[in-house]
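An overview of the molecular structure
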Amino acid sequence: MADRPLPLRARRADALIGSLRVPGDKSVSHRALMLGGLAVGRTTITGLLEGEDVLATAHAMTAMGARVERLAPGEAGAVWQVDGVGVGGLAEPADVLDMGNAGTGARLLMGLVATHPITAIFTGDASLRRRPMARVIEPLSRFGATFLGRDGGRLPLALGGARAPLPVTYRVPVPSAQVKSAVLLAGLNTPGTTTVIEPIPTRDHTERMLGYFGATLTRTPAEDGGVVLALTGQPELTGAAVQVPADPSSAAFPLVAALLVEGSRVVLNGVGLNPLRTGLFDTLREMGADIRVLNPREEAGEPVGDLEVHASRLRGVTVPPERAPSMIDEYPILAIAAACAEGETRMEGLAELRVKESDRLAAMARGLAACGVRVAVEGDTLIVQGSGRPPQGGARVTVDLDHRIGMSFLVLGLVSAEPVAIDDGRAIDTSFPGFVALMGALGATITEDAP
Ligand SMILES: O=C(O)C1=C[C@@H](OP(=O)(O)O)[C@@H](O)[C@H](O)C1
Ligand SMILES: C=C(OP(=O)(O)O)C(=O)O
């Protein structure tokens, strides 16, 4: 990340028109590098997200012995090649692993390291150093790993991997794909069966990709409605060809912009449509959005399709808490859509938003209020009152190293009466490199603002 903040400003746009592909899925990209790094043989990854979060994972896997290489870009974009070390083969990193802004990278890698007989020290940027790690320390300790962390388990922390790991049965106490995945990845180098009980299903990219690389993982319904995942330890993973879908969480920004800016028509190609990721699209359709799926297909074990989006008049809805895991990163941009919709939108069950790159519940409430929107937080519910017209705007919003807060308010600036600025757009590169240029190609004006 550059040393100096990058203030950005978005102003009212004319119709957004075009067809494009947003960068690769962040969740799938992290996992492809990790499993490729643990496989025997070569993994080729097409469409890898070249964002800072994923590059931190590539560096960490290299530091632990995998060979990770970016090949010269061909017609389909850059291809990454990973030569793995085999399950159990990770080497002790010679230096601190700096995971930057990436919660997923940090927590999933802790899972891998926890059952290798190595020591690794993890750190991250100011945002990641604030985030809770106890949620992974607790289950990973059960395998026999030891941790020495700051302030009840925050980065920087040192992780001593178990020398003789024991298999674990773990019921995930918060709906978190990162916690589930950390436990499953720890189970890879553990003899016997590692079992994860997930009461509320979350994104299943780890499970899908483990199967794709040759691990044995069963999935059965739990008595109380959730799922029981059982992974057979110490499999031989085999290098594979991974095609990373376009990230639905990134697609959400041009998609909502196209819905809000009058006269827009945008096609987003090759978007991942894993049903555990598509809660935002369902919610927007309930609000009256015209979103069509063209050419649905499957790529490397994940459903994808092209999304055709037309500007639409939206009305407020209630988003139930059980939908949260399938759209957890999309609440900031949904709140922007809600601010332009007619009537009240209630978003319930958002406790997890408080422990993301920033407290997203507080950040959205503050930023929307500054832009003239009536908004309230009641417990873990965010309530946005839309008037059916775009709000006033005119504010400069503090993003606190949170890419999704930054992109959300820039989208608001494309429809609000006055421009909207953010104090720092650098974090956008963690998940959506090229965001400003891509929005520009659709007709949006987002420019550097005065410091
Ligand atoms: O597993 C993943 O790739 C992710 C899981 C989610 O986090 P939690 O598991 O903390 O909910 C999500 O917010 C994050 O962007 C990516
Ligand atoms: C929460 C996010 O990511 P992470 O937890 O990997 O930092 C996100 O991308 O919105």
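Residues numbered from 1 in each chain as written. Chains lettered and ligands numbered in written order. Predicted model: local features only at pLDDT ≥ 70, side-chain atom pairs only at ≥ 80, totals over all residues. Heavy atoms only, no water.

Quick word on the sheet that holds strand 10 (residues 169-171)
In space, the 4 strands of this open sheet follow the order 10-11-13-12, with mixed pairing throughout. The sheet terminates laterally at strand 10 and strand 12 (217-221), the two strands that pair on one side only. Across the sheet, the mean angle separating the axes of adjacent strands is 15° when strand polarity is ignored. Sheet topology places strand 12 next to strand 13 (residues 227-232); 5 bridges connect them, and they run antiparallel. Bridging from a neighbouring strand, Thr 220 pairs with Val 228 of strand 13. (Pairing = 2+ DSSP bridges. Helix = DSSP H or I, 4+ residues; strand = E, 2+ residues; numbered from the N terminus. Axes fitted to C-alpha atoms, helices over the stretch in contact; angles between N-to-C directions.)

Comments concerning the pairing of strand 5 (residues 79-83)
In terms of residue burial, strand 5 counts as a mostly covered element, since 4 of its 5 residues are buried. Here 5 bridges tie strand 3 (residues 42-46) to strand 5, and the two strands are oriented antiparallel to one another. Opposite Thr 44, over in strand 5, you have Gln 81 as the bridge partner. Bridge count for strand 4 (residues 67-70) against strand 5 is 4 bridges, and the pairing is antiparallel. Looking across to strand 5, one finds that Arg 70 is bridged to Trp 80. (Buried < 20%, exposed > 50% of the residue type's maximum accessible area, 1.4 Å probe, protein only.)

Quick notes on the site of ligand 2
Taken together, the neighbourhood of ligand 2 is formed by 13 residues, with Lys 26, Gly 103, Thr 104, Arg 131 and Arg 404 sitting nearest. One nitrogen or oxygen atom from the side chain of Asp 329 is found 3.3 Å from an oxygen atom belonging to ligand 2. The side chain of Arg 404 places a nitrogen or oxygen atom 2.6 Å from an oxygen atom of ligand 2. Broken down by secondary-structure element, the contributors of at least two residues to the shell around ligand 2 are helix 3 (103-114) and helix 12 (403-413). When residues of the shell around ligand 2 are assigned to domains, at least three map to each of domain 1 (8-23 + 245-448) and domain 2 (26-243). (Near = heavy atom within 4 Å. Polar contact = N/O pair within 3.5 Å; in protein donor to acceptor, adjacent residues only side chain to side chain. Domains from an automatic or database assignment.)

Brief notes about the nonpolar core
Grouped together as the largest cluster of nonpolar side chains are 78 residues, with contacts concentrated most on Leu 255, Leu 268, Leu 284, Met 347, Leu 368 and Phe 409. Here Leu 284 is in contact with Leu 255, Val 256, Leu 259, Ala 289, Ile 291, Leu 314, Leu 334 and Ala 337, once residues within four sequence places are set aside. (Core = buried A, V, L, I, M, F, W, Y, C linked by side-chain atoms within 4.5 Å. Contact = heavy atoms within 4.5 Å.)

Some words on unusual backbone geometry
Backbone torsion omega between Leu 155 and Pro 156 reads 0°, so that peptide bond is classified as cis. Even without being a glycine, Leu 401 presents a positive backbone phi close to 60°. Note on placement: Leu 401 falls in the loop between strand 22 (396-397) and helix 12.

What about the pattern of salt bridges?
A complete count under the given rule lists 34 salt bridges for this structure. Across the pair Arg 203 and Asp 329 runs a salt bridge whose closest N-O atoms are separated by 3.7 Å. One end of the pair, Arg 203, is in the loop between strand 11 (193-198) and helix 7 (205-212); the other, Asp 329, is in the loop between strand 18 (318-319) and helix 10 (331-340), with 126 residues separating them in the sequence. Arg 203 gets classed as buried once you look at its relative accessible area, which sits at 9%. Between Arg 346 and Glu 348 there is a salt bridge; the shortest N-O distance is 3.6 Å. Under the relative-accessibility criterion, Arg 346 is labelled partly exposed at 25%. When salt bridges with common partners are traced through the structure, they connect Arg 131, Arg 203, Asp 329, Glu 357, Arg 360, Asp 402 and Arg 404 into a single cluster. (Salt bridge = Lys/Arg side-chain N within 4 Å of Asp/Glu carboxyl O.)

Overview of the UniProt feature "active site" (unreviewed entry) in the chain
In the numbering used here, UniProt assigns the feature "active site" (unreviewed entry) to Asp 329. For Asp 329, the residues in contact, after removing those within four places along its chain, are Arg 203, Ser 249, Lys 356, Arg 360 and Arg 404. (UniProt positions renumbered as here; feature names shortened; annotations may be inferred.)

Regarding the UniProt feature "binding site: 3-phosphoshikimate" (unreviewed entry) in the chain
Under the UniProt annotation, the feature "binding site: 3-phosphoshikimate" (unreviewed entry) is placed at Lys 26, Ser 27, Arg 31, Ser 176, Gln 178, Asp 329 and Lys 356. Not counting the four nearest positions on each side in its chain, Arg 31 is found in contact with Gly 36, Thr 104, Leu 108, Ala 177, Ser 181, His 205, Thr 206 and Met 209. Note on placement: Ser 176 falls in the loop between strand 10 and helix 6 (177-188). Residue class for Ser 176 comes out buried when judged on its relative accessible area of 7%. Contact partners of Ser 176, with chain neighbours within four places excluded, come to Arg 135 and Thr 202.

With respect to the domain arrangement of the chain
By domain assignment, the chain separates into domain 1 (8-23 + 245-448) and domain 2 (26-243). A C-alpha centroid distance of 28 Å is found between domain 1 and domain 2. Contacts between domain 1 and domain 2 engage 28 residues on the former and 29 residues on the latter. Sorting the residues of domain 1 by area buried against domain 2 places Leu 276, Glu 357 and Thr 430 first, and these three jointly supply 22% of that buried surface. At the boundary of domain 1 and domain 2, one finds 3 salt bridges. A salt bridge links Arg 135 to Glu 352, with the shortest nitrogen-to-oxygen separation between them at 2.9 Å. (Buried area = accessible area lost by both parts, 1.4 Å probe.)

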